[in-house]
Amino acid sequence: MITTPGAVGQSLRTSTARVLTGHGPLVTYCLIALCCAVFILSPAAGLNPAYGTGDALLAAQRTFFARWGVIPAELLSGSPRAAITPVTALFVHGSWLHLLGNMLFLHVFGGMVEERLGHLQFALFYLGCGALALFGYALANAGSLQTLVGASGAISAVLGAFLKLFPKARVTSLLPFLFFIPLRFPAWIVLPFWVTLQWLAARRDENGPGVAYLAHLAGFSLGFLYAWGRYARRSKVKGPAGHRAPATEGDSQP
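Here is a short report on the structure shown in this document. Note that the structure is predicted; figures quoted are calculated from it, not measured. (Residues numbered from 1 in each chain as written. Predicted model: local features only at pLDDT ≥ 70, side-chain atom pairs only at ≥ 80, totals over all residues. Heavy atoms only, no water.)

1. Let's talk about the packing of helix 5 (residues 96-117) against helix 7 (residues 152-165)
Put simply, the rule is: All axes are obtained by fitting lines to C-alpha atoms, using only the stretch in contact for helices, and the reported angles, taken between N-to-C directions, cover 0 to 180 degrees. Secondary structure elements are defined from DSSP: runs of H or I of at least 4 residues count as helices, runs of E of at least 2 residues count as strands, and each element is numbered from the N terminus. For any helix crossing, the convention is left-handed if the near helix is rotated counterclockwise from the far helix by under a right angle, and right-handed if that rotation is clockwise. Residue contacts follow a heavy-atom distance rule, with two residues in contact if any of their heavy atoms lie within 4.5 Å. Each residue gets one of three labels, nonpolar for Ala, Val, Leu, Ile, Met, Phe, Trp, Tyr, Cys and Pro, charged for Asp, Glu, Lys and Arg, and polar for the others, Gly among them.
Taken N-terminus to C-terminus, the directions of helix 5 and helix 7 make an angle of 40°; their axes are 9 Å apart at the nearest point. Note on packing geometry: the crossing formed by helix 5 with helix 7 is left-handed. Along the contact surface, helix 5 presents His98, Asn102, Met103, Phe105, Leu106, Phe109, Gly110, Met112, Val113 and Arg116, while helix 7 presents Ser152, Ile155, Val158, Leu159, Ala161, Phe162 and Leu165. Partitioned by chemical class, the residues of the contact of helix 5 with helix 7 number 12 nonpolar, four polar and one charged.

Okay, structure coming up:
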């Protein structure tokens, strides 16, 4: 099961001021609302009495995860039903902690990335990178029957795009080995550090599926590469003497 990007012990938030156009990050808000609604109405939350309690609730949860989550062996078998699960799994979460951690990261980083990409482009980016991250994880664990759910692959893609688009944005980190003292660093320090921890954790994962660190890495890489490719040629603005100079929108310090 995918855990939140904060599973490595970091709680991140950006202190960069959000100057959002139009009505704000509508897609980000809609994604958060949809994930929360799906969780609350599903047996995973344990709030709906229709699913019963005890063993009946556990059985309903297993059925729900198997129906809407990614099962690598089934996905790669060519099952038509399983073909849509890399998308549906992005809206399914296994616990309150799983949901809240993912939604915190999406809320913190999603708005600024959505502003730069645009609403429709951000929605397609989020769903596409998230689905590809889950599919990549399934390829690496082709024989697994363990269910994979959660938005971490898509949110990792948002983090990757954020690093490319806003490398100098200040990010506050709470590091457990520093007694959770809040420290502010540029995104180009914090996010590569997070990726390194994910990579080290993936290398230690010798027991097969569990925490989907590989999906985190795949999503982050996809997001960074997408932003890199789209903004490879930086826009130009005219200088005072009529010369054209690189624009620096999004890279300034708060």
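2. Brief notes about the pattern of salt bridges
Pairing is possible between side chains that carry opposite charge, provided their charged atoms lie close to one another. Definition in use: Salt bridges are counted wherever a side-chain nitrogen of Lys or Arg sits within 4 Å of a carboxyl oxygen of Asp or Glu.
One pass over the structure, following the stated rule, counts one salt bridge. With a closest N to O distance of 2.6 Å, Glu74 and Arg81 form a salt bridge.

3. Focus: the nonpolar core
To be explicit about the condition: The set of buried Ala, Val, Leu, Ile, Met, Phe, Trp, Tyr and Cys residues whose side-chain atoms join them within 4.5 Å is what this entry labels a nonpolar core. Three labels apply to residues, based on accessible area from a 1.4 Å probe with only protein chains included: buried if under 20% of the type maximum, exposed if over 50%, partly exposed otherwise in between.
Counting 50 residues, the largest nonpolar core has Val113, Phe122, Phe125, Tyr126 and Phe162 as its most contacted members. Broken down by secondary-structure element, the contributors of at least two residues to this core are helix 1 (26-41), helix 2 (54-68), helix 5, helix 6 (119-140), helix 7 and helix 9 (213-230). Look past the residues within four positions of Phe122 in its chain and what remains in contact with it is Val27, Thr28, Leu31, Gly110, Val113, Glu114, Leu117 and Val158.

4. Regarding helix 2
Where we set the bar: The span one expects for a helix is its residue count, reduced by one, times 1.5 Å. This arc describes the spread of directions from the helix axis toward the C-beta atoms.
Between the first and last C-alpha of helix 2 there are 22 Å, a value that for 15 residues agrees with the 21 Å anticipated at 1.5 Å per step. Among all positions in helix 2, only Leu57, Ala60, Gln61, Phe64 and Phe65 are buried. The arc that holds every buried residue of helix 2, seen down its axis, measures 130°, which confines them to one face. Pointing more than 90 degrees away from the buried face of helix 2 are the exposed residues Asp55, Arg62 and Thr63. Buried-residue contacts for helix 2 involve helix 1.

5. Observations regarding the packing of aromatic side chains
Heads up, the condition is: Ring pairs are drawn from Phe, Tyr and Trp, using the six-membered ring of Trp, whenever the two centres fall within 6.5 Å, and their geometry is named by plane angle: stacked under 30 degrees, edge-to-face over 60, tilted for the rest. Note on geometry: a ring has a charge over it if NZ (lysine) or CZ (arginine) is within 6 Å of the ring centre and within 35 degrees of the ring normal.
Scanning the entire structure with this criterion turns up nine aromatic pairs. Ring geometry for Phe109 against Phe162: centres 4.9 Å apart, planes inclined by 85°, an arrangement best described as edge-to-face. Of the two residues, Phe109 is situated in helix 5 and Phe162 in helix 7; the sequence distance between them amounts to 53 residues. Relative accessible area serves as the criterion here: at 0%, Phe109 is assigned to the buried category. Phe162 sits in the buried class, given a relative accessible area of 0%. Relative to Phe166, the ring of Phe162 lies with its centre 5.2 Å away and its plane at 45°, an arrangement referred to as tilted. Each of the two residues, Phe162 as well as Phe166, counts as buried. In this structure, Arg67 packs its charged tip against the face of Trp68, placed 4.1 Å from the ring centre. The cationic tip of Arg116 hangs over the ring face of Tyr231; the distance from NZ or CZ to the ring centre is 5.7 Å.

6. Description of the side chain of Ser42
Stated formally: N or O atoms within 3.5 Å of each other form a polar contact, as long as, within protein, one can give a hydrogen and the other can take it, and as long as residues adjacent in sequence are counted only when both atoms are side-chain atoms.
Note that Ser42 resides in the loop between helix 1 and helix 2. Separated by 2.9 Å, the side chain of Ser42 and the backbone oxygen of Phe39 make a polar contact. Every residue in contact with Ser42, bar those within four places of it in the chain, is listed here: Tyr51 and Phe64.

7. Brief notes about helix 9
Along its 18 residues, helix 9 runs 26 Å from first to last C-alpha, staying within 8% of the 26 Å computed at 1.5 Å per residue. Here helix 9 has its buried residues at Tyr213, Ala215, His216, Leu217, Gly219, Phe220, Gly223 and Ala227.

8. Points about the packing of helix 7 against helix 9
Put simply, the rule reads: Under this scheme an angle from 65 to 115 degrees is roughly perpendicular, one under 35 degrees roughly parallel, and one over 145 degrees roughly antiparallel; angles in between are oblique.
Following both chains from N to C, one finds helix 7 and helix 9 inclined at 40°, their axes separated by 6 Å at the closest point. The orientation of helix 7 with respect to helix 9, classified from their angle, is oblique. For helix 7 against helix 9, the interelement crossing comes out right-handed. On the side of helix 7, the interface is formed by Ser152, Gly153, Ser156, Ala157, Leu159, Gly160, Ala161, Leu163, Lys164 and Leu165, while helix 9 contributes Ala215, His216, Gly219, Phe220, Gly223, Phe224, Ala227 and Trp228.

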